[in-house]
Structures are given as C-alpha cells and as structure tokens.
Amino acid sequence: MRTVLFFLACAVVSSNLLSCYRESSKTAKQQVDFSAATALLDVLQASVDESPNCDSITDRLSSLPRQQRDALLDSLIAAKESKPALVRRIHALIESPAYRLYYRQFRNVKPDDHRRILLALPYEAIPSPADISRNLLEITVHLPSVRSWIKGLSSRIDLDTCRSIAERWLPDGEHEIPETFFIFDGNGDAFAHDGQVCFDLYSLVLARRSPDTRYEGLDTLSADGIEPVLAHEFHHIFAQPYFAPSRDEAADWTIRWRNRLIRRLVTEGTAMHCNPPEGFNRTIKEDTAVVVHWLRELDKMMALVKSGEVAEEVASDWLGNTYQEAARSVLRQYLSRTIPEDELEREVKAHEIDRPSLVYTLGWWMVSHISDKGFNPEAVHELIKHPLTLFERYNAKVSPGADSLKTHR
C-alpha cells in the first residue's frame, strides 16, 4: 500500500513539475529579448575602451584631406581588428538571432558594413545607410543613461497587452506571442519577418525626440508608445494566413500584381489600427491633396498594368519607388506649401521618417473609412477575411460627389 501511495505521490509531483515547466517555458517564450541591444552597448563600450587619445585623433581626422583621412581610419580599424575580445563581441552581435533576422529583412546593410561601422567608432561616423554610424556614435556619448533605460524598460513591456491590442482588429482566433527582439540602429523601425518581430529603439524612440534633449529623462519613459507598435507587428503575423495567396493564384502576372498590391494596402491599413498615426504623421496621411495624388497615381498605374502597356518589372519598380523617392517628393510638395525655400530641405530631412508612401497613406485612408474611423472593428474583421474587396468596400463609404477620393480600378 505504501508503495502504491509513494508512486501516486511521485506522479502528482511529476505532474505539477511538468505543469510548472510548461508554464515557465510559456512565460520564457513571451519575454522580450533585449540581448542584442545590450550586446551592442557592450560593443560600443569595448570600442571606446580600445580607443586611446580618441579626442585628439578625431580632431586630426577632421583636419586631414580625404585620402589621408581614409588611410588613417583604415589603420585605426586594423588596430581594432587585432583586439580579439572586441572582435569576438562584434561577431557575436552580428550573428545574434536579432541581427540575422535584420539582414534577412534589409538588403542595404551587410554584416561587414556593421563590422566596419563598429570598428570605426568612436573615432568617426563613416557614411552608412540611414546614418547608422552617426546614430551609434551618438549613443557612445550616452552609454550609462541608455544602459540604465533599457534595463528598466525590459521589465515594463507587456507582450500580452500587445497581443490584446492586435486581436481587437482580427477575426476570432488564438495567437501565440512571437519572439520579439530589440535593437539600436536607425535604418528601419519595427518589422515582422519569418514569424518574429524586431523593434528598433533608435528609430522609434530616440530619433523621435528633440536632438538637444534626446537622452534626458529616458528612465521616465513608459512602454505606452512601444506596445502599440509591437501590436502592429504582431497583427501582421497573426493576420498573415488571411493574406497568403491561394494555391490557385492567377497565372497572369497583372492579376497577381494587382492582388498583391491590394493585400499590402489591407495589411498595413488594418495593422495601423493598432497604432493609429499621430501628429504630423497623421496630418500628412489624411491631407486631401496627398490622398488624391496617390489615388490618381494608383488608378493610372493599375490601368496601364491591366491594358498590358507596362512590363512586370516596370510595375514592380514603380511600386518600390512609391516607398522611397516618390514618397519623398510628395513630402517635399506638402511641406513647400508652408515652409520657405531656404528651410525646405532641412524640414524634409527632419520628417523623412513620416514620408507618405502610397501603401501606408492609402492603406490607412481606405481602411479607416471602412472601419468608420476605428469605431467598427467588425468591418475590419470582414475586410481581413476578404481583402480583395478593398476597393468596393472603400468606394461604398465615400460620399456621393467625392469622386476624386474614389479609386476606379
């Protein structure tokens, strides 16, 4: 009898331990991952420590002709490369899960680019996409405050809250919280890729603060501005099954192109309900002239694609440009209405992150109309289930007589 009771007790204990293990595993999986952000700060600190006479060398670099300056910088980088501990830290950083995900998402930066940027610091911020090098150089001056900030921030972010925000704008279903990484960069902002999420603290927090006071009071910042952005990226992952092309996708590239574009509009427009644009970002995305411009450009290109007057490559390049130069041009035109010519370029650069691309502008404009400005989540749920009905649902919401705000394709 005692033997039976012993085994029963063991079974109960084992069951409880297994339950605790499962719960702890679930909790661990839901933790935010700041390891890449912390590792970067460690690299920057190590690079500073390995840079004797930094101020005098920096002054010397700035006084040299370009060729001599490059030669001196190359020698300084080579000296850093002879430091095994620093090289190991950099290698571990760029091989981390967060940065491997980063390199799959972005094609404009390679691991070797980051390696050279980090080895050149803190002597000089070398030319780099989105001024990554200058952004990181800035952080080297404020390492203690940045380190203290992220130490506290990591415990304040609630991923369950992020999931709840995302699920409000999704059809019913259970969703597992994805792995969530944090980095400092400035090249991207936040993105979802391969079922994982990456959040750039520089782009989405630091860069949006005044340059003069950017690093003041960081410890007082709450997670309120971060969680809705994470919810946006969670939404992309949770909604992805609804937007995946069906197996019987049309063989005609013009139809595939059209459907892919519509899905992008719906994907972004619905996810943006998790973190609605604010301030300047919202004002420019809801500016009538900006919206009409993109609607006309959209109608024009879709008509050309449908008639076979453009090749697939041309249509793809056009869409890519609507995120970049075309969006910057729209931003410049918008600002030129009120900004003097001699201040225009400075303002364009200051608002670069809010440039109104076609997909984000029309995605927000169309879906917010369909959702009755966010008061009708069920309409968003139905749109997600049937994304290719976007234009019909949007046009039905536009008031009669507002023809210029309709899309006709």
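What you see is a predicted model, and the numbers here were worked out from it, not measured in a lab.

1. Digging into the overall build of the chain
Then, in step 1: When its secondary structure is counted, the chain shows 21 helices and 3 strands.
Then, in step 2: Its C-alpha atoms give the chain principal-axis dimensions of about 90 × 70 × 45 Å.
Then, in step 3: The burial tally for the chain puts 45% of its 409 residues in the buried class.
Then, in step 4: Taking all contacts inside the chain whose residues are at least 6 apart in sequence as the whole, residues at least 24 apart take part in 72%.
Then, in step 5: Summed over all atoms, the accessible surface of the chain reaches about 20,900 Å², with 52% contributed by carbon and sulfur.
Then, in step 6: Computed over 49 positive and 59 negative side-chain charges, the separation of the two mean positions in the chain equals 3 Å.

2. Considerations on the packing of aromatic side chains
Then, in step 1: All told, the structure shown has 12 aromatic pairs when counted by the stated rule.
Then, in step 2: Consider the rings of Tyr-99 and Tyr-103, whose centres lie 6.2 Å apart with planes at 45°: the pair is tilted. Residue Tyr-99 and its partner Tyr-103 are located together in helix H6 (residues 97-105), separated by 4 residues, close to a single helical turn.
Then, in step 3: You can call Tyr-99 buried: its relative accessible area is 2%.
Then, in step 4: Classification of Tyr-103 as buried rests on a relative accessible area of 12%.

3. Re helix H13 (residues 253-271)
Then, in step 1: With 19 residues, H13 should cover 27 Å at 1.5 Å per step; its first-to-last C-alpha distance of 27 Å lies within 8% of that length.
Then, in step 2: Of all the 19 residues making up H13, 14 are buried; the element is thus mostly covered by neighbouring parts of the structure.

4. With respect to the packing of helix H2 (residues 35-49) against helix H5 (residues 84-94)
Then, in step 1: Viewed as axis vectors pointing N to C, H2 and H5 meet at an angle of 155°, and their least axial separation amounts to 10 Å. As far as their axial angle goes, H5 and H2 are roughly antiparallel. Crossing handedness for the pair H2 and H5: left-handed. The residues of H5 that touch H2, namely those facing Ala-36, Ala-39, Leu-40, Asp-42, Val-43, Ala-46 and Ser-47, are Leu-86, Arg-89, Ile-90 and Leu-93.
Then, in step 2: The residue makeup of the contact of H2 with H5, split by class, is 8 nonpolar, 1 polar and 2 charged.

5. Details of the sheet that holds strand S1 (residues 180-183)
Then, in step 1: Taken together, the 3 strands give an open sheet; going across it, the order is S1-S3-S2, and neighbouring strands pair in mixed fashion. Edge positions in the sheet fall to S1 and strand S2 (190-193), since each of these pairs with one other strand and no more. With strand direction ignored, the average angle separating the axes of adjacent strands in the sheet is 20°.
Then, in step 2: Here S2 pairs with strand S3 (residues 196-200) via 4 bridges, running antiparallel. Looking at the pairing, Ala-192 lines up with Val-197 of S3.
Then, in step 3: Of the strands in this sheet, S1, S2 and S3 are in contact with H6, which crosses S2 at around 85°.

6. Some remarks on the pattern of salt bridges
Then, in step 1: For the coordinates displayed, the defined rule picks out 22 salt bridges.
Then, in step 2: The partner of Arg-147 in a salt bridge is Asp-42, and the shortest N-O contact between them spans 2.9 Å. Of this pair, Arg-147 sits in helix H9 (residues 143-156) while Asp-42 sits in helix H2; the two residues are 105 residues apart in sequence, bridging distant segments of the chain.
Then, in step 3: We classify Asp-42 as partly exposed; its relative accessible area is 26%.
Then, in step 4: Across the salt bridge formed by Glu-343 and Arg-346, the nearest N and O atoms sit 3.5 Å from each other. Pair noted here: Glu-343 and Arg-346 are both in helix H18 (residues 341-350), with a separation of 3 residues, about one helical turn.
Then, in step 5: The class of Glu-343 is partly exposed, set by a relative accessible area of 30%.
Then, in step 6: The exposure class of Arg-346 is exposed, given its relative accessible area of 52%.
Then, in step 7: Through salt bridges with shared partners, a single network forms among Glu-325, Arg-328, Glu-352 and Arg-355.

7. Some remarks on the confidence of the model for the chain
Then, in step 1: In this model, the chain carries an average pLDDT of 90, and 91% of its residues clear a pLDDT of 70 or more.
Then, in step 2: Low confidence marks residues 1-29, where pLDDT is under 50. Its contacts with residues over four positions away, or in another chain, come to 1 contact.

8. Re the side chain of His-232
Then, in step 1: Along the polypeptide, His-232 turns up in helix H12 (residues 227-243).
Then, in step 2: There is a polar contact of 2.8 Å between the side chain of His-232 and the side chain of Asn-275.
Then, in step 3: Other than its neighbours up to four places away in sequence, His-232 contacts Glu-268, Ala-271, Met-272, Cys-274 and Asn-275.

9. Observations regarding the side chain of Thr-361
Then, in step 1: Tracing the chain through its elements places Thr-361 in helix H19 (residues 358-370).
Then, in step 2: Of the polar contacts made by the side chain of Thr-361, one reaches the backbone oxygen of Ser-357; its length is 2.7 Å.
Then, in step 3: What Thr-361 contacts, discounting residues up to four positions off in sequence, is Lys-285, Val-290, Val-291, Trp-294 and Pro-356.

10. Points about the nonpolar core
Then, in step 1: With 119 residues, the main nonpolar core has Ile-139, Phe-184 and Leu-201 as its most contacted residues.
Then, in step 2: Top element by residues in this core is helix H15 (residues 288-307). It accounts for 9 residues.

Here is what the cut-offs are and how they apply
Residues numbered from 1 in each chain as written. Predicted model: local features only at pLDDT ≥ 70, side-chain atom pairs only at ≥ 80, totals over all residues. Heavy atoms only, no water. Helix = DSSP H or I, 4+ residues; strand = E, 2+ residues; numbered from the N terminus. Buried < 20%, exposed > 50% of the residue type's maximum accessible area, 1.4 Å probe, protein only. Contact = heavy atoms within 4.5 Å. Areas by Shrake-Rupley, 256 points an atom, 1.4 Å probe, with all protein chains shown as cover. Lys, Arg positive; Asp, Glu negative; His and termini not counted. Charge placed at Lys NZ, Arg CZ, Asp CG, Glu CD. Phe/Tyr/Trp six-rings, centres within 6.5 Å; stacked < 30°, edge-to-face > 60°. Expected span 1.5 Å × (residues − 1). Axes fitted to C-alpha atoms, helices over the stretch in contact; angles between N-to-C directions. Parallel < 35°, antiparallel > 145°, perpendicular 65-115°, else oblique. Left-handed = near helix turned anticlockwise from the far one by under 90°. Nonpolar A, V, L, I, M, F, W, Y, C, P; charged D, E, K, R; others polar. Pairing = 2+ DSSP bridges. Salt bridge = Lys/Arg side-chain N within 4 Å of Asp/Glu carboxyl O. pLDDT = per-residue confidence, 0-100. Polar contact = N/O pair within 3.5 Å; in protein donor to acceptor, adjacent residues only side chain to side chain. Core = buried A, V, L, I, M, F, W, Y, C linked by side-chain atoms within 4.5 Å.

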